Amino acid sequence: NFIPVRSLAAIRRARSVTSRWVQAFGPSGAAYLYCRETEHNASHFHARMFDPGHGIPEDPATGSAAAAFAGVIARFDEPPGGEHRYGIEQGFEMGRPSRIQLSILMNDGAVQTVRIGGHAVRVTDGEIEV
């Protein structure tokens, strides 16, 4: 579920309420909130991803949702043919700021190709013994 939010202040206040989540989004529903107001000038969107049904209270960087978000941009912004690049910031509210780069190639009003990228920082490591 892609949910537009009016402002950065409003998206910062967003919280998932577990007791009402299933009623709103179903047992395995996720919510990707976004707004056009951003922390950084290089970003085009500020986003937050909640998926408590899969054990993810909030995700600091959701590449798969950013890729699917290309459809939202295509539908509502209707970019012309050619390549368009967007910066998406996520994870700021949880102290794990992430910046995802989204590239959309449009052809005859339709999304032809989507690419996502960014940089990663190792936050932990470990080993599993079997």
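### Brief notes about the pattern of salt bridges
Item 1. One pass over the full model with this rule turns up 5 salt bridges.
Item 2. Here Arg 36 makes a salt bridge to Asp 77, at a shortest N to O gap of 2.5 Å. Placement of the pair is Arg 36 in the loop between strand 2 (31–35) and strand 3 (45–51) and Asp 77 in helix 3 (residues 63–77), with a sequence separation of 41 residues.
Item 3. The partner of Arg 48 in a salt bridge is Glu 58, and the shortest N-O contact between them spans 2.8 Å. Here Glu 58 lies in strand 4 (residues 56–59) and Arg 48 lies in strand 3, a separation of 10 residues in the sequence. Residues Arg 48 and Glu 58 agree in their burial class; the two are buried.

### Details of the pairing of strand 7 (residues 110–117)
Item 1. Judged from the 7 bridges that link them, strand 6 (residues 98–107) and strand 7 form a sheet pairing that is antiparallel. Across the sheet, Gln 101 pairs through a bridge with Gly 117, a residue of strand 7.
Item 2. In this antiparallel pair of consecutive strands, strand 6 and strand 7, the connection spans 2 residues, and Asp 108 shows a positive phi of 55°.

About the cut-offs
Residues numbered from 1 in each chain as written. Predicted model: local features only at pLDDT ≥ 70, side-chain atom pairs only at ≥ 80, totals over all residues. Heavy atoms only, no water. Salt bridge = Lys/Arg side-chain N within 4 Å of Asp/Glu carboxyl O. Helix = DSSP H or I, 4+ residues; strand = E, 2+ residues; numbered from the N terminus. Buried < 20%, exposed > 50% of the residue type's maximum accessible area, 1.4 Å probe, protein only. Pairing = 2+ DSSP bridges.

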